[in-house]
Amino acid sequence: MPKLKPATQLARREHILDAAEICFARAGFHRTTMQDICKEAEISPGALYVYFASKEDLIAGMAERDRAEFAERFAKLSASPDFLKALESLGQIYFVEEPAYKRTMCIEIALESTRNLQVGEIYRSVDRFVAESFEKLFSRLSDEGRISPNPDIPTLAKVFTVIGDGLFLRRAVDPDFDPTRVVPAVVDLIGKLMNVSAADRKAVSDKALELEPGQ
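Residues numbered from 1 in each chain as written. Predicted model: local features only at pLDDT ≥ 70, side-chain atom pairs only at ≥ 80, totals over all residues. Heavy atoms only, no water.

The next thing to look at is the overall build of the chain. What the chain contains, in helices and strands, is 10 helices and 0 strands. Traced from its N-terminal end to its C-terminal end, the chain shows the element sequence α-α-α-α-α-α-α-α-α-α. Buried positions account for 39% of the 215 residues belonging to the chain. Taking the contacts inside the chain whose residues are at least 6 apart along the sequence as the reference set, 67% of them involve residues at least 24 apart. (Helix = DSSP H or I, 4+ residues; strand = E, 2+ residues; numbered from the N terminus. Buried < 20%, exposed > 50% of the residue type's maximum accessible area, 1.4 Å probe, protein only. Contact = heavy atoms within 4.5 Å.)

Next comes the structure, spelled out in structure tokens:
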């Protein structure tokens with residue numbers, strides 16, 4: 001059998017991860033079998049095991065992909081001259097544009113991390129990466145005089161991740177949740193905690209007013 005080109009291998013790997021995300025969100029980590037993932041991806045077990053030996057390997061693959069995706073998006077946020085505007089754009093991606101099943105899948109993996117040592121290590125490594133990324137950015141913005149946070153920066157980063165976790169949960173469990181209305185308000189709140197410049201805060205407030213009923 002001829003060896004597949006790297007681009008083809010990568011596409012197949014991504015396709016399998018997409019199928020696994022759907023299965024984990026739909027049935028949970030424990031109820032999902034490797035056969036379920038094969039059926040969703042429309043591939044044979046042999047083709048699946050070429051790339052992933054277990055469900056834990058699939059979680060590791062998702063984590064690797066999520067980390068790379070976040071790093072790319074975060075780089076744009078970090079480089080933006082308007083932090084709050086860039087933060088709102090990032091929130092739109094994660095809490096509005098991405099399908100709700102991705103949030104359900106994240107919650108399922110978070111729960112599994114409390115029971116499965118290997119999954120727990122993977123989950124916490126990504127969680128630390130995200131938290132440390134924001135903490136470093138907040139420190140840099142503070143050094144540049146662009147923010148003057150009310151809590152200390154490590155606490156601010158923790159509060160930031162807690163708010164994000166809450167949005168993830170609400171997006172997954174509440175079919176009536178409207179993130180398009182909540183995200184601008186959350187960004188405005190974060191701006192107040194960070195003591196962002198008045199000009200930046202005004203831009204976010206104006207955006208929130210545009211979304212008010214009857215406007």
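Another aspect to go through is unusual backbone geometry. Phi is positive for glutamate 42, which is not a glycine, with a value near 60 degrees. Within the fold, glutamate 42 resides in the loop between helix H2 (34-41) and helix H3 (45-51). For glutamate 42, a relative accessible area of 72% corresponds to the exposed category. In this model, asparagine 195 sits at a positive phi of 55 degrees, which is unusual for a non-glycine residue. Note that asparagine 195 resides in the loop between helix H9 (179-194) and helix H10 (198-210).

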